[in-house]
2 protein chains.
Amino acid sequence: MTDAGTSSAPPAGLPMAVPQEGLPAQVRIHEVGPRDGLQNEKATLPTKVKAEFVHRLAGAGLTTIEATSFVHPSWVPQLADAEELMPLLGDLAGADPEVRLPVLVPNERGLDRALELGVRDVAVFASATEAFARANVNRTLEEALAKSAAVADRARQAGARVRGYLSMCFGDPWEGPVPVAQVAAIARRLYAMGCSELSLGDTIGVATPGHVTALLDALTGTGDGTTAAGAGAPGADIPGAAIPVEHLAVHFHDTYGQALANTLAALRCGVTVVDASAGGLGGCPYARSATGNLATEDLVWMLNGLGIRTGVDLDRLSATSVWMAEKLGRPSPSRTVRALTHQEQ
Amino acid sequence: MTDAGTSSAPPAGLPMAVPQEGLPAQVRIHEVGPRDGLQNEKATLPTKVKAEFVHRLAGAGLTTIEATSFVHPSWVPQLADAEELMPLLGDLAGADPEVRLPVLVPNERGLDRALELGVRDVAVFASATEAFARANVNRTLEEALAKSAAVADRARQAGARVRGYLSMCFGDPWEGPVPVAQVAAIARRLYAMGCSELSLGDTIGVATPGHVTALLDALTGTGDGTTAAGAGAPGADIPGAAIPVEHLAVHFHDTYGQALANTLAALRCGVTVVDASAGGLGGCPYARSATGNLATEDLVWMLNGLGIRTGVDLDRLSATSVWMAEKLGRPSPSRTVRALTHQEQ
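Residues numbered from 1 in each chain as written. Chains lettered and ligands numbered in written order. Predicted model: local features only at pLDDT ≥ 70, side-chain atom pairs only at ≥ 80, totals over all residues. Heavy atoms only, no water.

Caption draft 1: View of the pattern of salt bridges. All names here are of chain A. Under the definition given, this model contains 30 salt bridges over all chains. The residue Glu41 makes a salt bridge to Arg330 at a minimum N-O spacing of 2.5 Å. Here Arg330 lies in the loop between helix 12 (314-328) and helix 13 (335-341) and Glu41 lies in the loop between helix 1 (33-37) and helix 2 (47-59), a separation of 289 residues in the sequence. Two residues, Arg154 and Glu108, come together in a salt bridge whose shortest N-O distance is 3.2 Å. Here the residue Arg154 occupies a position in helix 7 (residues 141-157), and Glu108 occupies one in helix 5 (residues 108-116), the gap between them amounting to 46 residues. For Arg154, a relative accessible area of 30% puts it in the partly exposed group. Taking relative accessible area as the criterion, Glu108 reaches 32% and is therefore assigned partly exposed. (Salt bridge = Lys/Arg side-chain N within 4 Å of Asp/Glu carboxyl O. Helix = DSSP H or I, 4+ residues; strand = E, 2+ residues; numbered from the N terminus. Buried < 20%, exposed > 50% of the residue type's maximum accessible area, 1.4 Å probe, protein only.)

Caption draft 2: Highlighting the packing of aromatic side chains. Per the counting criterion, the structure on display carries six aromatic pairs over all chains. Consider the rings of Phe53 of chain A and Trp323 of chain A, whose centres lie 6.4 Å apart with planes at 35 degrees: the pair is tilted. Within this pair, whereas Phe53 of chain A is found in helix 2, its partner Trp323 of chain A is found in helix 12, the two being separated by 270 residues in sequence. For the residue pair Phe53 of chain A and Trp323 of chain A, the accessibility class agrees, reading buried in each case. The aromatic ring of Trp323 of chain A is capped on one face by Arg56 of chain A, whose charged end is 4.2 Å from the ring centroid. Arg35 of chain B extends its terminal NZ or CZ atom over the ring of Tyr165 of chain B, reaching a point 5.2 Å from the ring centre. (Phe/Tyr/Trp six-rings, centres within 6.5 Å; stacked < 30°, edge-to-face > 60°. Lys NZ or Arg CZ within 6 Å of the ring centre and 35° of its normal.)

Caption draft 3: Main features of the sheet that holds strand 6 (residues 161-167) of chain B. All names here are of chain B. Sheet architecture is open: nine strands sit in the order 2-1-9-8-7-6-5-4-3, paired in parallel fashion. The outermost strands of the open sheet, each flanked by one partner alone, are strand 2 (64-65) and strand 3 (68-69). Sitting on the sheet, helix 8 (residues 180-191) is in contact with strand 5 (121-127), strand 6 and strand 7 (197-202), with an inclination near 165 degrees to strand 6. (Pairing = 2+ DSSP bridges. Contact = heavy atoms within 4.5 Å. Axes fitted to C-alpha atoms, helices over the stretch in contact; angles between N-to-C directions.)

Caption draft 4: The sheet that holds strand 7 (residues 197-202) of chain A, seen in detail. Residue and element names in this part refer to chain A. The strand order across the open sheet built from nine strands is 2-1-9-8-7-6-5-4-3, with neighbouring strands paired in parallel fashion. A strand with exactly one partner marks an edge of an open sheet, and here the two such strands are strand 2 (64-65) and strand 3 (68-69). On the sheet, helix 9 (residues 209-220) packs against strand 7 and strand 8 (248-252) and is oriented at approximately 160 degrees with respect to strand 8. Where helix 11 (residues 296-305) meets the sheet, it contacts strand 1 (28-31) and strand 9 (273-276), and its direction lies at approximately 175 degrees from that of strand 1.

Caption draft 5: Spotlight on the environment of Leu314 of chain A. Residue and element names in this part refer to chain A. Secondary-structure assignment places Leu314 in helix 12. Through-space distance from the C-alpha of Leu314 to that of Thr336 is 9.5 Å; in sequence the pair is 22 residues apart. With residues up to four places along the chain from it excluded, the contact list for Leu314 reads Glu297, Val300, Trp301, Asn304, Thr336 and Leu340.

Caption draft 6: Structural view of helix 11 (residues 296-305) of chain B. All names here are of chain B. Across the ten residues of helix 11, nine count as buried, placing the element largely inside the fold. All of the buried residues along helix 11 are Thr296, Glu297, Asp298, Leu299, Val300, Trp301, Met302, Leu303 and Gly305. One or two residues past the end of helix 11 sits Gly307, with phi positive at roughly 70 degrees.

Below, the structure written as structure tokens:
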């Protein structure tokens, strides 16, 4: 095995599509690059560049693109221009009713700002741990849940669709391992606020596939012997109302390289909505060295190989991530982007 | 979700061990860093550093460490010191009969050199594609197979254990997709040479989990309705003698970020031997930008989370990879190494 012979182009016809039993036929990618990605990058980009980013992502076939966050500008200066950005995206939401541009709203003031701009999709958030609720929003977990409930309630009254983010579902930098039963209980409360979708976040990237399966089994109420998971499956003994799996999404960070394997475990549980960030944008501020979200390109490579439809054009998406990496002044951490575009690691 | 609060230490007690049904209780890691890793690094290290590397890997609990390659020095100058290296490792093989230090041998001359030094474990190789056989060893596929058969035969007569490597099992830089039936046919011939273990290589890192499952199903003869794979499983219709799964290993490169998800698919098929490279050492010379082998640390993180025993001490292993990265003058590409040691990506 010598290094004779090199190829400059990525091999044509790859990945080969070989479907696997028990996986969905289609996945909707919830692209979080412009929000969760950029909010954790050091650089703050011009509003026009962000708008172009969202347009390019839509051009690559992504239909759900989380555009920004209506938090207080002093919290996340990278996204302080939400009011300026959203009007630049009006053509996207108007052109195709399938295209969604959700925004994160932390409180009623943020919701007001978003609704004034005609936003139809908002996301609220909560933490599965007390420590993170205090660190993130300086509230108790209960106070934070109450705040999200108020926002979700008003958003729904205004006709907006609400997504709930639950952070630290698999581990917490202060509390360490988080019991599945604790996460499941809080997840149910967040979902019950009227969320049309609940995104389970591995904020510090420590989850592994068995843990993912256990939490999903607990939430969907499988493992009772009537499903593929079988009697005695992980999470099966955790009581509570079932959440239909079509309302669950997963949100993995690749800090320990586990994001794609965890996604595979989630797909096997029936999950069909996967959060990812173009080019793997975004760090994790709670683990210094951390890489960011699961890279959308790495996800699309796997889904293409599994014959699972996403509607995403991998080459266009990868080109967008290279363009964004130039704007940010650092190479994309996505392995697929690097391989497709011949960047040295 | 602001960036308030940071933690400098990796969270204690993580990953949480949550076993998953249908996976093995134990995995043997075949560490290829000193051979497959270093042969693809630009730098050539002093022999003493390589010897210390192998000793450190053994100290971290790895029991199968592919030490070097007895190829012609002009082919792989990085490993031209095989004769000098092996005597420095004699204490390891002697101290613990469980410890194996296989070496790669491309031909009978290499085998002679290895056997003279008392090597007990050798590896031969073949390609699943005609194009790679020509590029790698300038022979036809049939010629290369005959050469490996001769080496394997003589090695066994000398009492050595033989591992077979099959390259380009999922895609080839020149030929593109490689049909599963073609790979299975050549794999069976390589195994039939008397290999105690057959390692299926994704040399350019293009595989995805369904493809992995299909090849393993084809080789192990599952998918006939009598196994978990069920009737009509991928690969089930490919005829040929079954290879017991305990004689199969998988060897993934992380070029497109798929290595760990593919490993999970292989574990689900019953595979219990996984090739990996400490710190993700090694590039892939056939894809310019490529990252290297699956990082042993990323693998161990997942296996620890799944409650699968490996005997590896992750902290000691990670420290070894940081030490090696300093010798090579570049950071480890392993996400887990970076996260555990707080290296910026």
